[in-house]
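# Chains, contacts and geometry: an overview
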Amino acid sequence: MEQELNAYLERVDRCLKPMSAWERVDIVQEIRSEILELAEQGLGAGAIIERLGAPRELAAAYLRDAIVKNPRFSWRRLGSVVAFYSLAGLGGMIVLPATSIMAVTFMLCGALVPAMALLSLAASLVGIEVPWMVMQLGSWTMPPLMAFPVAVVVGLLLLLAGVGMWKVTVGFVRLVGEKRRSL
Amino acid sequence: MNIDEWRSQIKRGTLEFCVLLMIARGECYGYELISRLEKRPILAAKESTIYPLLRRLLREGLLSSAWRESAEGLPPRKYYTITEQGRRYLEAMGAEWDNLLSAINEIKGG
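Residues numbered from 1 in each chain as written. Chains lettered and ligands numbered in written order. Predicted model: local features only at pLDDT ≥ 70, side-chain atom pairs only at ≥ 80, totals over all residues.

Looking now at the overall build of chain B. In terms of helices and strands, chain B carries 4 helices and 3 strands. Secondary structure elements of chain B occur, N-terminal to C-terminal, as α-β-α-α-β-β-α. The principal-axis extents of the C-alpha atoms in chain B amount to approximately 55 × 35 × 20 Å. Taken over 110 residues, chain B has a buried fraction of 23%. Across chain B, every contact between residues at least 6 apart in sequence was considered, and the portion connecting residues at least 24 apart equals 47%. (Helix = DSSP H or I, 4+ residues; strand = E, 2+ residues; numbered from the N terminus. Buried ≥ 20, exposed ≤ 12 C-beta atoms within 10 Å, placed from the backbone. Contact = placed C-beta atoms within 7 Å.)

Spelled out as structure tokens, the structure:
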């Protein structure tokens, strides 16, 4: 019996990987406390596990709440999304990877484009040409002085697109969560 | 016509209120809350609902928690207490709740 319950807690813990270590310990500790309480009342391992539900689902409930109620972007939360979609089934395996990867890519590019343009502007001011770092429209190459403000605008648009994709990601998690939530 | 769906919507909307009300009357641990809610089928909620909800209320600063040893032979428990901020929030919730009830009564009484 002991063994079965420990295996259960270990599985919950594994599914919670993207959360911080102390948070995981705290979560598992609290579930363990309830398990011991239930055992004290004479419930068997099978009944206890049935009551708590599949370890993946229990862990997914924590992850979902951490993502949805705190929807700002961070690497840790991206990890939570990845873990959640691995638990949430097929729909999540297609939609969430696409939207979360696009969110990160757009945000990165949004930061990178103006930074590159600034570098290229600085280079041209001291008289160096960097042929692989230019703003090009068809065959016409923009002069660096003009490329910089254009790049800032493009960068902002990309950042907005990234934030938008992140919102789609969080929205999808919420949707899947509501569907699966049975009180 | 699915009354269960409507019931679960009501539950979803009021569980936070109920949990805060219970903790405001005295510190509780998670399993205690769950088993007290279980006695009222309209409010019964699973572990996978209550524990994440408690974590969120902690994160938002409405509750605080402490691990404490309990009686001999029993495991340590995580006790939740309401904070000052939680009390203010609960008061506002209570006012809205009374609002809702009197509005519904007015409509029903037509």
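Okay, the overall build of chain A next. Scanning chain A from terminus to terminus reveals 7 helices and 2 strands. Reading the helices (α) and strands (β) of chain A from amino to carboxyl end gives α-α-α-α-α-α-β-β-α. For chain A, with 183 residues in total, the buried portion stands at 31%. Excluding contacts between residues fewer than 6 apart, the proportion of contacts in chain A whose partners are at least 24 apart in sequence is 66%.

Before going further, it helps to examine the interface of chain B and chain A. Across the contact, 19 residues belong to chain B and 16 residues belong to chain A. Listing elements by their share of the side of chain B that touches chain A, those giving two or more residues are α1 (3–24), α2 (30–38), α3 (47–59) and β3 (77–82) of chain B.

Moving on, we get to the sheet that holds strand β2 (residues 63–68) of chain B. All names here are of chain B. The 3 strands are arranged β1-β3-β2 in an open sheet whose pairing can be described as antiparallel. The open sheet has two free edges, formed respectively by β1 (28–29) and β2, since each of these has just one partner strand. Both β1 and β3 contribute to a ladder of 2 bridges, which runs antiparallel. Within β3, the residue paired with C28 across the bridge is Y80. (Pairing = 2+ DSSP bridges.)

Below, the discussion takes up the nonpolar core. Formed by 37 residues in total, the largest nonpolar core has its most connected members in A:A59 and A:L63. Going through the elements one at a time, α1 (2–15), α2 (21–40), α3 (45–52), α4 (55–68), α5 (75–88), α6 (90–125) and α7 (144–180) of chain A are the ones with two or more residues in this core. Here this core gets 10 residues from one element, more than from any other, and that element is α7(A). Residues lining this core come from more than one domain, with at least three contributed by each of domain 1 (1–53) and domain 2 (71–183) of chain A. By size, the runner-up hydrophobic cluster in this structure holds 17 residues, among which are B:L20, B:L33, B:L37 and B:L54. (Core = buried A, V, L, I, M, F, W, Y, C linked by C-beta atoms within 7 Å. Domains from an automatic or database assignment.)

Residue and element names in this part refer to chain B. Look at α2 against α3: their axes get within 10 Å of each other, and the N-to-C directions meet at 130 degrees. With respect to α3, the element α2 is oriented oblique. Handedness of the crossing formed by α2 with α3: right-handed. Of α3, the residues touching α2 (which contributes G30, L33 and I34) are E47, I50, Y51 and L54. Residue composition of the contact of α2 with α3, grouped by class: 5 nonpolar, 1 polar and 1 charged. (Axes fitted to C-alpha atoms, helices over the stretch in contact; angles between N-to-C directions. Parallel < 35°, antiparallel > 145°, perpendicular 65-115°, else oblique. Left-handed = near helix turned anticlockwise from the far one by under 90°. Nonpolar A, V, L, I, M, F, W, Y, C, P; charged D, E, K, R; others polar.)

Axis separation between α4(A) and α3(B) bottoms out at 9 Å; the angle between their running directions is 30 degrees. Here α3(B) runs roughly parallel to α4(A), going by the angle between their axes. Considering how the two elements wind past one another, α4(A) and α3(B) form a crossing that is right-handed. On α3(B), the residues touching A:E57, A:L58, A:A61, A:Y62 and A:D65 of α4(A) are B:E47, B:S48, B:P52, B:R55 and B:R56. Classifying every residue of the contact of α4(A) with α3(B) by side-chain character gives 4 nonpolar, 1 polar and 5 charged.

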